[in-house]
Amino acid sequence: MTAPVKMRFLRRIVLTTALALAQTLLVPNAVNAQTFSVIHTFTGGTDGGIPIAGLTIDSAGNLYGTTVGGGMRKPACGGSFGCGVVFKLSQHNGSWVLSTLYQFRAGNDGAGPVSRVIFGPNGRLYGTTEVGGIGCTDNTGCGTVFSLAPPITVCRSIICSWTETVLYRFTGASDGANPLSEVVFDRAGNLYGTTFGGGLVNCYVPPQGCGVVYELSPSQGNWTQTALYRFTGGVDGGNPQSEVVFDNPGNIYGTTLDYGNCCGTVFELTPNGSQWTENTIYSFTGGFDGGAPSAGLTFDQSGNLYGAASSGGDDNGGTAFTLVRDPGGWNYGRLYGAFQNPNGYDLNGPSSTLVYDRSTGNLYGTTWGDGPLNFGSVFRLTQSGGNWTYTSLYDFTGGSDGAHPYGRVVLDSHGNLYGTAEAGGVGGCSGDDFGCGVVYKIALN
């Protein structure tokens, strides 16, 4: 298990005592309880456990996601914990029913998916696993990129297996190691993503390297991997955790968690023939502007970028920001930076990509530990007259409603938000009694 996930599990163990106290003393906020509901509580069994990533929704309103644990019990995944699953949630007769699409085995197929899955143009799901596969010094594997094909006939059982194909296994060398980000498609059908480690320079031990931006290109049933850029840990940053995004001309944008002048960067990659040129368009200071941006970026219709930083701001609770391009470059603007962090934990704020609602111009996001109890929140940012107003849509209590919503939310066509909380609920995952996480719904109308 690599540094980012290790860090999150350590925070889970530290907060277990606080959670037990909160469960006995607190009830959900009465206003929030009218709109918030849990649609699945993970048990750590075949349904999975600890859903770090956010969800994907299809045109029929079905939800798809991953859990870092649960599923098959394998020694390589801690024996009693499991290697993670890909799941589907569908509505039947007014209730949500979970189907397990795939259970990872911690072999060549991968293990520990910490990013969300996406649909490709062929109807398959595509995603990454942080470990498994081959390579890396701790013998857990350097991670994979995979696809899942649905069964040919309709499946009516709870475990409704899809067929997995591993598209690429990272080696931990110049190709990268430990992909924490989801993948994205370009218009030609190529896949792009980032790895936390691997590359050229030793930023974190293990693995070697500061991470890469990579491309996977299909050809006659095989996929060829190319490292488009290898971070150095200098002014360009290092250790990217988030997915990349394209603008209309085909330039690539993303964030790095660390380095730069201090505390992470926003970068741009522009194609130059067969090469890509890196330009750091913003470097965080860790203060007013934020720091450690583990979230990705999103565009609005005008070509402005929106993002979030998980630390810094007014109380080290993170910030939400925008980058606006003008002839002289990109200008940083802080949208909100007063996320609550009474316990002072690092990386407590928004850790996932903000969701931009094109119909309203609102932004939606989650925080890992913001809120009155430090169990995280779901929030909305609304623009009016050039100013942005923050609204907490739900503050988690750490009980049956869940705790620590790390992944991004998804918005359906009826104005409902769906997301995951990696902890809380029931069960004991990763050797503690902190709960195995939940999937939740917030009705906005």
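### A short note on the overall build of the chain
Phase 1 of the analysis: Scanning the chain from terminus to terminus reveals three helices and 28 strands.
Phase 2 of the analysis: Expressed as a percentage of its 445 residues, the buried residues of the chain come to 60%.
Phase 3 of the analysis: Counting only contacts in the chain whose residues sit at least 6 apart along the sequence, the fraction spanning at least 24 positions is 50%.

### Let's talk about the pairing of strand β25 (residues 387-395)
Phase 1 of the analysis: Bridge count for strand β24 (residues 377-384) against β25 is eight bridges, and the pairing is antiparallel. The residue bridging Ser 384 from the neighbouring strand is Asn 387, located in β25.
Phase 2 of the analysis: In this structure, the hairpin formed by β24 and β25 is closed by a connection of two residues, where Gly 385 is found at a positive phi of approximately 65 degrees.

### A short note on the pattern of salt bridges
Should their charged atoms come close, side chains of opposite charge can pair.
Phase 1 of the analysis: Throughout the structure, instances matching the rule amount to five salt bridges.
Phase 2 of the analysis: Where salt bridges share partners, they join Arg 116, Glu 182, Glu 243 and Arg 408 into one cluster.

### Section: the environment of Arg 325
Phase 1 of the analysis: With respect to the helices and strands, Arg 325 occurs in strand β20 (residues 319-326).
Phase 2 of the analysis: Not counting residues up to four positions away in its chain, the partners in contact with Arg 325 are Asp 247, Tyr 253, Glu 268 and Trp 330.
Phase 3 of the analysis: Within polar-contact distance, the side chain of Arg 325 engages the side chain of Tyr 253 at 2.7 Å.

### Some details on the sheet that holds strand β17 (residues 275-283)
Phase 1 of the analysis: Strand order in this open sheet of four strands is β14-β15-β16-β17, and the pairing throughout is antiparallel. Where the open sheet ends on each side, the last strands, each with one partner, are β14 (245-246) and β17.
Phase 2 of the analysis: Pairing between β14 and strand β15 (residues 252-256): two bridges, direction antiparallel. Bridging across to β15, Phe 246 finds its partner in Ile 252.

### Let's talk about the state of the cysteines
Phase 1 of the analysis: Using the criterion set out here, one finds one disulfide in the structure.
Phase 2 of the analysis: Here Cys 262 engages in a disulfide with Cys 263; their sulfurs sit 1.9 Å apart.
Phase 3 of the analysis: Judged by its relative accessible area of 40%, Cys 262 is partly exposed.
Phase 4 of the analysis: Using a relative accessible area of 17% as the deciding quantity, one classes Cys 263 as buried.

### Considering the packing of aromatic side chains
Phase 1 of the analysis: All chains considered together, the criterion is met by 32 aromatic pairs.
Phase 2 of the analysis: Ring geometry for Phe 231 versus Phe 267: centroids 5.1 Å apart, planes at 65 degrees, classification edge-to-face. In this pair, Phe 231 sits in the loop between β13 (222-230) and β14 while Phe 267 sits in strand β16 (residues 265-272), placing the two residues 36 residues apart along the sequence. With respect to class, Phe 231 is no different from Phe 267; both count as buried.
Phase 3 of the analysis: With 4.4 Å between their ring centres and 5 degrees between their planes, Tyr 336 and Tyr 390 make a pair best called stacked. Within this pair, whereas Tyr 336 is found in strand β21 (residues 329-336), its partner Tyr 390 is found in strand β25, the two being separated by 54 residues in sequence.
Phase 4 of the analysis: For Arg 334, the ring lying beneath its charged end belongs to Phe 288, and the centroid distance is 3.8 Å.

### Examining unusual backbone geometry
Glycine aside, residues mostly have negative phi angles, and peptide bonds mostly take the trans form.
Phase 1 of the analysis: The backbone of Ile 50 shows a phi angle near 65 degrees, a positive value even though the residue is not glycine.
Phase 2 of the analysis: Here Ile 50 lies in the loop between β1 (36-41) and β2 (56-57).
Phase 3 of the analysis: Positive phi outside glycine occurs at Gln 220, with the angle close to 55 degrees.
Phase 4 of the analysis: Given the relative accessible area of 81%, Gln 220 is considered exposed.

### Brief notes about the nonpolar core
Phase 1 of the analysis: Core analysis: the largest hydrophobic core is formed by 26 residues, its most contacted members being Ile 39, Leu 55, Leu 63, Phe 87, Leu 89, Tyr 418 and Val 439.
Phase 2 of the analysis: Of all the secondary structure elements, the ones that give two or more residues to this core are β4 (85-92) and β5 (95-103).
Phase 3 of the analysis: In terms of residues, this core owes the most to one element, β4, which gives three residues.
Phase 4 of the analysis: Setting aside residues no more than four positions away along its own chain, Tyr 418 makes contact with Ile 39, Leu 55, Leu 63, Trp 96, Arg 408, Val 409, Val 410, Asp 412, Tyr 440 and Lys 441.

### Observations concerning the environment of Trp 223
Phase 1 of the analysis: Mapped onto the fold, Trp 223 is located in strand β13.
Phase 2 of the analysis: Along the backbone, Trp 223 and Tyr 168 are 55 residues apart, and their C-alpha atoms lie at a distance of 7.1 Å.
Phase 3 of the analysis: The contacts of Trp 223, once residues within four sequence positions are left out, are Tyr 126, Leu 167, Gly 189, Leu 191, Leu 216, Ser 217 and Pro 218.

What counts as what
Residues numbered from 1 in each chain as written. Predicted model: local features only at pLDDT ≥ 70, side-chain atom pairs only at ≥ 80, totals over all residues. Heavy atoms only, no water. Helix = DSSP H or I, 4+ residues; strand = E, 2+ residues; numbered from the N terminus. Buried < 20%, exposed > 50% of the residue type's maximum accessible area, 1.4 Å probe, protein only. Contact = heavy atoms within 4.5 Å. Pairing = 2+ DSSP bridges. Salt bridge = Lys/Arg side-chain N within 4 Å of Asp/Glu carboxyl O. Polar contact = N/O pair within 3.5 Å; in protein donor to acceptor, adjacent residues only side chain to side chain. Disulfide = S-S within 2.5 Å. Phe/Tyr/Trp six-rings, centres within 6.5 Å; stacked < 30°, edge-to-face > 60°. Lys NZ or Arg CZ within 6 Å of the ring centre and 35° of its normal. Core = buried A, V, L, I, M, F, W, Y, C linked by side-chain atoms within 4.5 Å.

Everything listed is a geometric property; what it means functionally is a separate question.
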